[in-house]
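# Topology and contacts: notes
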Amino acid sequence: MVSKDDVRPGGVTDDFRKQVLGYGLTTAEILYRRPDRRWLLQSYVWQNYDMFPKFPALCDFLAFWEKQLDGPLFSVTVAHSRLIKPAELRAVDGVFRLH
């Protein structure tokens, strides 16, 4: 939920500004080895607005991880979606009524 503190003068949030500039919602599932038990994998989910295809924010986060955290990375799976895009409309035959 967006609070009034998140909205800048002009009525637009920083997240919306990023979307207009071409950023999309990026989700990464990071599998890493536990520092105390290297044979055990653990999962971490990271989500932020980032630019496809180079993902600079994700690369910065992964560089921070490798430099500052003890759990070595095993794999990173990335999903990306542009939230602002043309409307997807389809003509359908029939009428659906909801009560």
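Structure: see above.
Residues numbered from 1 in each chain as written. Predicted model: local features only at pLDDT ≥ 70, side-chain atom pairs only at ≥ 80, totals over all residues. Heavy atoms only, no water.

### Considerations on the overall build of the protein
When its secondary structure is counted, the protein shows two helices and five strands. Starting at the N terminus, the α and β elements of the protein follow one another as β-β-α-β-β-α-β. Put simply, the protein has 99 residues, and 17% of those count as buried. Of all intrachain contacts in the protein linking residues separated by at least 6 positions in sequence, the fraction that spans at least 24 positions is 56%. (Helix = DSSP H or I, 4+ residues; strand = E, 2+ residues; numbered from the N terminus. Buried < 20%, exposed > 50% of the residue type's maximum accessible area, 1.4 Å probe, protein only. Contact = heavy atoms within 4.5 Å.)

### Notes on unusual backbone geometry
Following Phe52, the chain continues into Pro53 via a peptide bond in cis, with omega recorded as 5°. The residue Phe55 is not glycine, and still its phi comes out positive at about 50°. Inspection of the secondary structure puts Phe55 in the loop between strand S4 (41–50) and helix H2 (56–68). For Phe55, a relative accessible area of 13% puts it in the buried group.

### What about the side chain of Thr26?
For Thr26, the location among the structural elements is in strand S3 (residues 24–33). The exposure class assigned to Thr26 is buried, which follows from its relative accessible area of 0%. A distance of 2.9 Å separates polar atoms of two side chains, one belonging to Thr26 and the other to His80. Those residues in contact with Thr26 that sit more than four places away from it in its chain are Trp46, Gln47, Asn48, Asp50, Phe55, Val78, Ala79 and His80. (Polar contact = N/O pair within 3.5 Å; in protein donor to acceptor, adjacent residues only side chain to side chain.)

### Some remarks on the nonpolar core
Counting residues in hydrophobic clusters, the biggest one holds nine residues: Ala28, Ile30, Tyr32, Trp46, Phe55, Leu58, Phe61, Leu62 and Trp65. Where this core is concerned, the elements lending two or more residues are S3 and H2. Counting residues per element, this core draws most heavily on H2, at four residues. Other than its neighbours up to four places away in sequence, Leu58 contacts Ala28, Trp46, Asp50 and Val78. (Core = buried A, V, L, I, M, F, W, Y, C linked by side-chain atoms within 4.5 Å.)

### Details of the packing of aromatic side chains
Summed over all chains, the structure comprises seven aromatic pairs. With a centroid separation of 5.9 Å and 25° between ring planes, the pair formed by Trp46 and Phe61 is classed as stacked. You can see Trp46 sitting in strand S4 and its partner Phe61 sitting in helix H2, a full 15 residues away along the chain. In terms of burial, Trp46 and Phe61 fall into one category: buried. Aromatic pair Phe52 and Phe55: ring centres 5.9 Å apart, planes at 80°, arrangement edge-to-face. Of the aromatic side chains, those joined through ring pairs into one cluster are Tyr32, Tyr44, Trp46, Phe61, Phe64 and Trp65. Taking NZ or CZ as reference, Lys18 lies 5.9 Å from the ring centre of Tyr23, over its face. (Phe/Tyr/Trp six-rings, centres within 6.5 Å; stacked < 30°, edge-to-face > 60°. Lys NZ or Arg CZ within 6 Å of the ring centre and 35° of its normal.)

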